[in-house]
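So the chains spell out like this:
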Amino acid sequence: MDQISEKRLQRLLESSGHNSHTHLYHLGDKEWFWDSEREALLVYRLIGKRKIVLGDPIGSPAACQRVIEQFIEHCKENKQIPVFYQVKSTFLSIYKQLGMQYTKIGEEAQINVSDFHLNGKQWLKLRNRINKFERSGYSFQVMFPPYTDSFLHLLQTISKEWLGDRKEKSFSVGSFAPEYVSRFPVAVLVGPDGSYEAFATVAGDHPPNLSTHRADPVNRQITVDLMRYTKACPPGTMDVLFVSLFKWAKEHHYSLCSLGMSPLANACDLLIIKLLYKYGNRLYNFKGLYEYKNKFAPNWEEVYLVYPPSSATLTVAALAKIIHSPLNKQHAAGKLFSKRFINRNSFSRKRTVSSDQKR
(Lines give C-alpha, C1' and ligand atoms only; values in the text may rest on other atoms or scores of the structure.)
Protein backbone atom coordinates (compact mmCIF):
# COMPACT_ATOMS: atom_id res chain seq x y z
CA MET A 1 0.00 0.00 0.00
CA ASP A 2 1.42 3.38 -0.94
CA GLN A 3 1.67 6.15 1.65
CA ILE A 4 -1.00 8.36 0.08
CA SER A 5 -3.53 5.51 0.19
CA GLU A 6 -2.53 4.68 3.76
CA LYS A 7 -3.02 8.26 4.96
CA ARG A 8 -6.34 8.63 3.14
CA LEU A 9 -7.59 5.41 4.73
CA GLN A 10 -6.46 6.47 8.20
CA ARG A 11 -8.26 9.81 7.90
CA LEU A 12 -11.42 8.01 6.86
CA LEU A 13 -11.20 5.54 9.75
CA GLU A 14 -10.62 8.36 12.24
CA SER A 15 -13.82 10.07 11.13
CA SER A 16 -15.99 7.01 10.48
CA GLY A 17 -14.55 4.36 12.79
CA HIS A 18 -13.59 0.78 12.07
CA ASN A 19 -16.03 -1.98 11.26
CA SER A 20 -15.61 -5.75 11.50
CA HIS A 21 -13.70 -5.96 8.21
CA THR A 22 -11.50 -2.87 7.90
CA HIS A 23 -8.42 -4.69 9.25
CA LEU A 24 -8.70 -7.11 6.34
CA TYR A 25 -8.02 -4.25 3.91
CA HIS A 26 -4.36 -4.81 4.77
CA LEU A 27 -4.20 -8.47 3.72
CA GLY A 28 -3.10 -7.49 0.23
CA ASP A 29 -5.66 -9.67 -1.57
CA LYS A 30 -8.22 -7.00 -2.44
CA GLU A 31 -8.57 -3.99 -4.68
CA TRP A 32 -9.85 -0.66 -3.42
CA PHE A 33 -12.72 1.33 -4.90
CA TRP A 34 -13.21 4.96 -3.83
CA ASP A 35 -16.25 7.07 -4.62
CA SER A 36 -15.82 10.07 -6.88
CA GLU A 37 -15.30 12.43 -3.93
CA ARG A 38 -12.82 10.13 -2.16
CA GLU A 39 -15.11 10.13 0.88
CA ALA A 40 -16.07 6.44 0.99
CA LEU A 41 -14.25 3.19 0.29
CA LEU A 42 -15.12 -0.42 -0.38
CA VAL A 43 -12.81 -3.35 -1.15
CA TYR A 44 -13.37 -6.29 -3.46
CA ARG A 45 -11.77 -9.21 -5.22
CA LEU A 46 -12.36 -10.17 -8.84
CA ILE A 47 -13.13 -13.82 -9.62
CA GLY A 48 -14.30 -14.55 -13.13
CA LYS A 49 -16.89 -11.92 -13.96
CA ARG A 50 -17.77 -11.30 -10.33
CA LYS A 51 -16.46 -8.43 -8.25
CA ILE A 52 -17.09 -9.54 -4.68
CA VAL A 53 -17.10 -6.76 -2.08
CA LEU A 54 -16.25 -7.58 1.54
CA GLY A 55 -18.54 -5.95 4.07
CA ASP A 56 -20.16 -2.55 4.04
CA PRO A 57 -18.28 0.50 2.74
CA ILE A 58 -16.78 2.94 5.20
CA GLY A 59 -17.62 6.63 5.12
CA SER A 60 -20.57 8.88 5.89
CA PRO A 61 -24.03 7.46 5.05
CA ALA A 62 -24.33 9.71 1.98
CA ALA A 63 -20.85 8.83 0.75
CA CYS A 64 -21.47 5.11 1.30
CA GLN A 65 -24.64 5.27 -0.77
CA ARG A 66 -22.69 7.07 -3.50
CA VAL A 67 -19.88 4.51 -3.60
CA ILE A 68 -22.38 1.62 -3.73
CA GLU A 69 -24.20 3.24 -6.66
CA GLN A 70 -20.97 4.03 -8.50
CA PHE A 71 -19.55 0.55 -7.94
CA ILE A 72 -22.66 -1.14 -9.34
CA GLU A 73 -22.61 1.25 -12.33
CA HIS A 74 -18.92 0.54 -12.84
CA CYS A 75 -19.64 -3.20 -12.90
CA LYS A 76 -22.43 -2.74 -15.43
CA GLU A 77 -20.16 -0.71 -17.70
CA ASN A 78 -17.55 -3.46 -17.59
CA LYS A 79 -20.09 -6.30 -17.93
CA GLN A 80 -19.22 -7.62 -14.49
CA ILE A 81 -21.41 -8.88 -11.67
CA PRO A 82 -21.42 -6.96 -8.38
CA VAL A 83 -21.69 -8.99 -5.17
CA PHE A 84 -21.63 -7.74 -1.58
CA TYR A 85 -20.61 -10.29 1.06
CA GLN A 86 -21.15 -10.03 4.83
CA VAL A 87 -23.04 -6.74 4.80
CA LYS A 88 -25.31 -5.57 7.61
CA SER A 89 -28.86 -4.29 7.33
CA THR A 90 -27.81 -0.61 7.08
CA PHE A 91 -27.86 -0.30 3.29
CA LEU A 92 -30.20 -3.15 2.32
CA SER A 93 -32.87 -0.72 1.11
CA ILE A 94 -30.32 0.91 -1.20
CA TYR A 95 -29.23 -2.42 -2.67
CA LYS A 96 -32.88 -3.30 -3.26
CA GLN A 97 -33.54 0.03 -5.00
CA LEU A 98 -30.60 -0.74 -7.30
CA GLY A 99 -32.15 -4.04 -8.38
CA MET A 100 -30.18 -6.37 -6.11
CA GLN A 101 -31.46 -9.25 -3.97
CA TYR A 102 -30.26 -10.23 -0.53
CA THR A 103 -30.39 -13.22 1.78
CA LYS A 104 -29.26 -13.79 5.33
CA ILE A 105 -26.08 -15.89 5.52
CA GLY A 106 -25.27 -15.82 9.23
CA GLU A 107 -24.94 -13.71 12.34
CA GLU A 108 -22.06 -11.76 13.83
CA ALA A 109 -21.31 -12.06 17.54
CA GLN A 110 -20.79 -8.68 19.22
CA ILE A 111 -19.88 -8.33 22.87
CA ASN A 112 -20.99 -5.11 24.55
CA VAL A 113 -17.79 -4.80 26.56
CA SER A 114 -18.88 -1.59 28.28
CA ASP A 115 -21.46 -3.68 30.18
CA PHE A 116 -19.50 -6.93 30.34
CA HIS A 117 -19.31 -8.71 33.72
CA LEU A 118 -19.01 -12.20 35.19
CA ASN A 119 -21.53 -11.80 37.99
CA GLY A 120 -24.30 -14.29 38.58
CA LYS A 121 -24.78 -18.05 38.34
CA GLN A 122 -24.58 -18.18 34.55
CA TRP A 123 -20.91 -17.13 34.70
CA LEU A 124 -19.91 -19.40 37.58
CA LYS A 125 -18.14 -21.94 35.37
CA LEU A 126 -16.12 -19.26 33.59
CA ARG A 127 -15.25 -17.53 36.87
CA ASN A 128 -13.97 -20.79 38.32
CA ARG A 129 -11.94 -21.46 35.19
CA ILE A 130 -10.30 -18.05 35.27
CA ASN A 131 -9.52 -18.39 38.96
CA LYS A 132 -7.95 -21.78 38.33
CA PHE A 133 -5.72 -20.40 35.58
CA GLU A 134 -4.66 -17.46 37.73
CA ARG A 135 -3.81 -19.73 40.68
CA SER A 136 -1.76 -21.87 38.31
CA GLY A 137 0.32 -18.86 37.29
CA TYR A 138 -1.19 -17.91 33.93
CA SER A 139 -1.25 -14.24 33.00
CA PHE A 140 -2.85 -12.10 30.27
CA GLN A 141 -1.09 -9.32 28.37
CA VAL A 142 -1.82 -7.07 25.41
CA MET A 143 1.29 -6.31 23.38
CA PHE A 144 1.65 -3.39 20.98
CA PRO A 145 3.80 -2.96 17.85
CA PRO A 146 6.54 -2.58 16.88
CA TYR A 147 7.48 -6.18 17.66
CA THR A 148 10.83 -7.89 17.80
CA ASP A 149 11.64 -10.62 15.32
CA SER A 150 11.83 -13.12 18.17
CA PHE A 151 8.29 -12.28 19.33
CA LEU A 152 6.90 -12.63 15.81
CA HIS A 153 8.75 -15.92 15.44
CA LEU A 154 7.09 -17.24 18.61
CA LEU A 155 3.67 -16.27 17.29
CA GLN A 156 4.39 -17.87 13.94
CA THR A 157 5.46 -21.10 15.65
CA ILE A 158 2.15 -21.23 17.53
CA SER A 159 0.28 -20.43 14.32
CA LYS A 160 1.96 -23.23 12.37
CA GLU A 161 1.28 -25.71 15.17
CA TRP A 162 -2.37 -24.65 15.27
CA LEU A 163 -2.75 -24.94 11.49
CA GLY A 164 -1.16 -28.37 11.21
CA ASP A 165 -1.91 -29.73 7.74
CA ARG A 166 -4.56 -27.09 7.06
CA LYS A 167 -3.99 -24.08 4.85
CA GLU A 168 -4.74 -20.47 5.69
CA LYS A 169 -7.98 -19.00 4.41
CA SER A 170 -8.23 -15.50 2.97
CA PHE A 171 -10.49 -12.66 1.88
CA SER A 172 -12.97 -12.59 4.81
CA VAL A 173 -10.62 -13.99 7.47
CA GLY A 174 -7.09 -13.03 8.44
CA SER A 175 -4.03 -15.17 7.78
CA PHE A 176 -0.67 -15.14 9.48
CA ALA A 177 2.09 -13.08 7.92
CA PRO A 178 4.61 -11.13 10.03
CA GLU A 179 3.96 -7.90 8.11
CA TYR A 180 0.20 -8.25 8.63
CA VAL A 181 0.35 -9.19 12.32
CA SER A 182 2.76 -6.32 12.98
CA ARG A 183 -0.05 -3.85 12.30
CA PHE A 184 -2.14 -4.84 15.33
CA PRO A 185 -2.03 -5.28 19.09
CA VAL A 186 -1.73 -8.92 20.14
CA ALA A 187 -3.45 -10.41 23.20
CA VAL A 188 -1.42 -13.27 24.68
CA LEU A 189 -1.93 -15.81 27.43
CA VAL A 190 1.37 -16.61 29.14
CA GLY A 191 1.89 -19.90 30.94
CA PRO A 192 3.47 -20.41 34.39
CA ASP A 193 6.88 -21.05 32.78
CA GLY A 194 6.71 -17.82 30.75
CA SER A 195 5.87 -19.52 27.46
CA TYR A 196 3.11 -18.27 25.19
CA GLU A 197 0.13 -20.64 25.18
CA ALA A 198 -2.26 -18.71 22.94
CA PHE A 199 -2.71 -15.40 21.17
CA ALA A 200 -5.28 -13.32 19.31
CA THR A 201 -4.64 -10.33 17.11
CA VAL A 202 -6.82 -7.37 18.05
CA ALA A 203 -7.89 -5.16 15.17
CA GLY A 204 -9.98 -2.01 15.28
CA ASP A 205 -9.94 1.47 16.73
CA HIS A 206 -7.32 3.03 18.97
CA PRO A 207 -8.49 3.53 22.56
CA PRO A 208 -10.61 6.65 23.09
CA ASN A 209 -8.82 9.83 24.08
CA LEU A 210 -9.05 9.71 27.86
CA SER A 211 -7.28 13.04 28.35
CA THR A 212 -10.32 15.02 27.27
CA HIS A 213 -13.97 14.89 28.26
CA ARG A 214 -15.43 15.40 24.82
CA ALA A 215 -17.53 12.59 23.39
CA ASP A 216 -16.03 10.50 20.64
CA PRO A 217 -17.72 10.94 17.26
CA VAL A 218 -17.94 7.17 16.78
CA ASN A 219 -18.23 4.14 19.00
CA ARG A 220 -14.89 2.43 19.42
CA GLN A 221 -14.79 -1.25 18.65
CA ILE A 222 -12.22 -4.01 18.43
CA THR A 223 -12.40 -7.19 16.37
CA VAL A 224 -10.75 -10.48 17.23
CA ASP A 225 -8.92 -11.53 14.09
CA LEU A 226 -6.41 -14.40 14.26
CA MET A 227 -6.96 -16.87 17.14
CA ARG A 228 -4.23 -19.46 17.66
CA TYR A 229 -3.12 -21.76 20.49
CA THR A 230 -0.63 -24.55 21.17
CA LYS A 231 -1.58 -28.21 21.28
CA ALA A 232 -0.27 -28.44 24.85
CA CYS A 233 -2.45 -25.65 26.28
CA PRO A 234 -5.00 -26.78 28.88
CA PRO A 235 -8.75 -26.93 28.16
CA GLY A 236 -10.42 -23.57 28.47
CA THR A 237 -7.38 -21.58 27.36
CA MET A 238 -9.25 -19.60 24.73
CA ASP A 239 -12.16 -18.95 27.13
CA VAL A 240 -9.72 -17.30 29.54
CA LEU A 241 -8.05 -15.34 26.73
CA PHE A 242 -11.36 -13.98 25.42
CA VAL A 243 -12.80 -13.06 28.82
CA SER A 244 -9.54 -11.35 29.74
CA LEU A 245 -9.67 -9.41 26.47
CA PHE A 246 -13.27 -8.30 27.14
CA LYS A 247 -12.25 -7.03 30.58
CA TRP A 248 -9.23 -5.24 29.11
CA ALA A 249 -11.42 -3.60 26.44
CA LYS A 250 -13.87 -2.44 29.11
CA GLU A 251 -11.05 -0.94 31.17
CA HIS A 252 -9.85 0.93 28.07
CA HIS A 253 -13.34 2.32 27.34
CA TYR A 254 -14.14 0.44 24.17
CA SER A 255 -17.80 -0.10 23.26
CA LEU A 256 -17.85 -3.37 21.32
CA CYS A 257 -15.76 -6.43 20.62
CA SER A 258 -16.67 -8.42 17.50
CA LEU A 259 -16.00 -12.15 17.48
CA GLY A 260 -16.82 -12.33 13.78
CA MET A 261 -19.55 -14.08 11.86
CA SER A 262 -20.98 -17.50 12.57
CA PRO A 263 -21.70 -18.67 9.01
CA LEU A 264 -25.22 -19.91 8.29
CA ALA A 265 -26.42 -19.22 11.84
CA ASN A 266 -30.24 -19.08 11.68
CA ALA A 267 -30.03 -18.63 7.89
CA CYS A 268 -31.85 -21.04 5.63
CA ASP A 269 -33.58 -18.87 3.03
CA LEU A 270 -31.82 -20.29 -0.03
CA LEU A 271 -31.74 -23.96 -1.00
CA ILE A 272 -27.96 -23.89 -1.39
CA ILE A 273 -27.65 -22.42 2.14
CA LYS A 274 -29.81 -25.22 3.52
CA LEU A 275 -27.67 -27.83 1.75
CA LEU A 276 -24.43 -26.25 2.98
CA TYR A 277 -25.65 -26.27 6.56
CA LYS A 278 -26.91 -29.85 6.31
CA TYR A 279 -23.96 -31.47 4.53
CA GLY A 280 -21.13 -28.99 5.02
CA ASN A 281 -21.11 -29.29 8.80
CA ARG A 282 -18.80 -32.29 8.47
CA LEU A 283 -16.12 -30.07 6.95
CA TYR A 284 -16.90 -26.87 8.85
CA ASN A 285 -18.46 -27.01 12.30
CA PHE A 286 -21.08 -24.31 11.76
CA LYS A 287 -23.19 -25.30 14.77
CA GLY A 288 -20.19 -25.70 17.09
CA LEU A 289 -18.80 -22.27 16.18
CA TYR A 290 -22.13 -20.62 16.91
CA GLU A 291 -22.49 -22.41 20.24
CA TYR A 292 -18.95 -21.51 21.29
CA LYS A 293 -19.42 -17.80 20.63
CA ASN A 294 -22.86 -17.88 22.21
CA LYS A 295 -21.40 -18.89 25.58
CA PHE A 296 -20.19 -15.29 25.96
CA ALA A 297 -23.77 -13.97 25.67
CA PRO A 298 -23.18 -11.72 22.64
CA ASN A 299 -25.62 -9.60 20.74
CA TRP A 300 -26.19 -11.31 17.40
CA GLU A 301 -26.34 -9.05 14.34
CA GLU A 302 -27.69 -10.41 11.07
CA VAL A 303 -25.30 -10.64 8.12
CA TYR A 304 -26.33 -10.75 4.46
CA LEU A 305 -25.22 -11.63 0.96
CA VAL A 306 -26.33 -9.17 -1.75
CA TYR A 307 -26.36 -10.33 -5.37
CA PRO A 308 -28.13 -9.78 -8.69
CA PRO A 309 -31.25 -11.87 -9.38
CA SER A 310 -30.73 -15.48 -10.51
CA SER A 311 -27.05 -15.59 -9.55
CA ALA A 312 -27.08 -17.02 -6.03
CA THR A 313 -25.69 -20.50 -6.69
CA LEU A 314 -22.69 -19.42 -8.76
CA THR A 315 -22.04 -16.55 -6.34
CA VAL A 316 -21.86 -18.91 -3.34
CA ALA A 317 -19.50 -21.16 -5.29
CA ALA A 318 -17.24 -18.21 -6.15
CA LEU A 319 -17.20 -17.15 -2.49
CA ALA A 320 -16.18 -20.60 -1.35
CA LYS A 321 -13.32 -20.57 -3.83
CA ILE A 322 -11.80 -17.23 -2.81
CA ILE A 323 -12.20 -17.83 0.94
CA HIS A 324 -10.50 -21.22 0.78
CA SER A 325 -7.78 -20.12 -1.61
CA PRO A 326 -4.65 -19.38 0.43
CA LEU A 327 -2.82 -16.13 -0.19
CA ASN A 328 0.22 -16.37 -2.41
CA LYS A 329 3.49 -15.06 -1.05
CA GLN A 330 3.08 -11.71 -2.75
CA HIS A 331 -0.33 -11.20 -1.18
CA ALA A 332 0.75 -12.40 2.23
CA ALA A 333 3.59 -9.91 2.32
CA GLY A 334 1.25 -7.10 1.28
CA LYS A 335 3.52 -6.13 -1.61
CA LEU A 336 1.07 -5.68 -4.44
CA PHE A 337 1.57 -2.52 -6.45
CA SER A 338 -0.54 0.37 -5.23
CA LYS A 339 -2.50 0.52 -8.48
CA ARG A 340 -4.02 -2.78 -7.45
CA PHE A 341 -5.54 -1.09 -4.43
CA ILE A 342 -6.97 2.14 -5.77
CA ASN A 343 -9.21 1.52 -8.72
CA ARG A 344 -8.58 4.07 -11.45
CA ASN A 345 -12.19 3.64 -12.54
CA SER A 346 -13.50 4.48 -9.05
CA PHE A 347 -16.53 6.16 -10.55
CA SER A 348 -18.53 6.05 -13.73
CA ARG A 349 -16.68 7.31 -16.79
CA LYS A 350 -19.83 9.25 -17.61
CA ARG A 351 -19.17 11.52 -14.66
CA THR A 352 -16.94 14.56 -14.71
CA VAL A 353 -13.68 14.22 -12.85
CA SER A 354 -12.37 17.22 -11.01
CA SER A 355 -8.70 17.97 -11.46
CA ASP A 356 -7.73 17.16 -7.87
CA GLN A 357 -9.15 13.64 -8.26
CA LYS A 358 -7.07 12.71 -11.29
CA ARG A 359 -4.14 10.42 -10.75
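Since the structure is predicted, the reported quantities are computational estimates derived from the model, not experimental observations.

The rules we used
Residues numbered from 1 in each chain as written. Predicted model: local features only at pLDDT ≥ 70, side-chain atom pairs only at ≥ 80, totals over all residues. Heavy atoms only, no water. Core = buried A, V, L, I, M, F, W, Y, C linked by side-chain atoms within 4.5 Å. Buried < 20%, exposed > 50% of the residue type's maximum accessible area, 1.4 Å probe, protein only. Helix = DSSP H or I, 4+ residues; strand = E, 2+ residues; numbered from the N terminus. Contact = heavy atoms within 4.5 Å. Pairing = 2+ DSSP bridges.

(A) Just the nonpolar core, in detail. In terms of nonpolar packing, the biggest core is built from 32 residues, with Leu-41, Ile-52, Tyr-85, Phe-171 and Leu-305 touching the most fellow members. Counting only elements with at least two residues in this core, the list comes to helix 1 (3-16), strand 1 (31-34), strand 2 (40-47), strand 3 (50-54), strand 5 (81-87), strand 12 (299-307) and helix 10 (312-323). Residue contributions to this core peak at 6 residues, all from helix 10. Leave out the neighbours within four places in its chain, and Phe-171 touches Leu-24, Leu-27, Asp-29, Lys-30, Arg-45, Ile-52, Val-53, Leu-54, Tyr-85, Leu-319, Ile-322 and Ile-323. Among the nonpolar cores identified, the runner-up in size contains 31 residues, and Val-113, Val-224, Met-238 and Tyr-254 belong to it.

(B) Expanded view of the pairing of strand 6 (residues 101-112). Across the 12 residues of strand 6, 9 count as buried, placing the element largely inside the fold. In the sheet, strand 6 pairs with strand 12 via 9 bridges, with the strands oriented antiparallel. In the strand pairing of strand 12, Glu-108 is matched with Glu-301. Note: strand 6 against strand 11 (residues 256-263), 7 bridges, orientation antiparallel. For Asn-112, the partnering residue across the bridge sits in strand 11 and is Leu-256.

(C) Main features of the environment of His-26. Structurally, His-26 is set in the loop between helix 1 and strand 1. On the basis of relative accessibility, which here comes to 14%, the residue His-26 falls in the buried class. With 153 residues separating them in the primary sequence, His-26 and Glu-179 have C-alpha atoms 9.5 Å apart.

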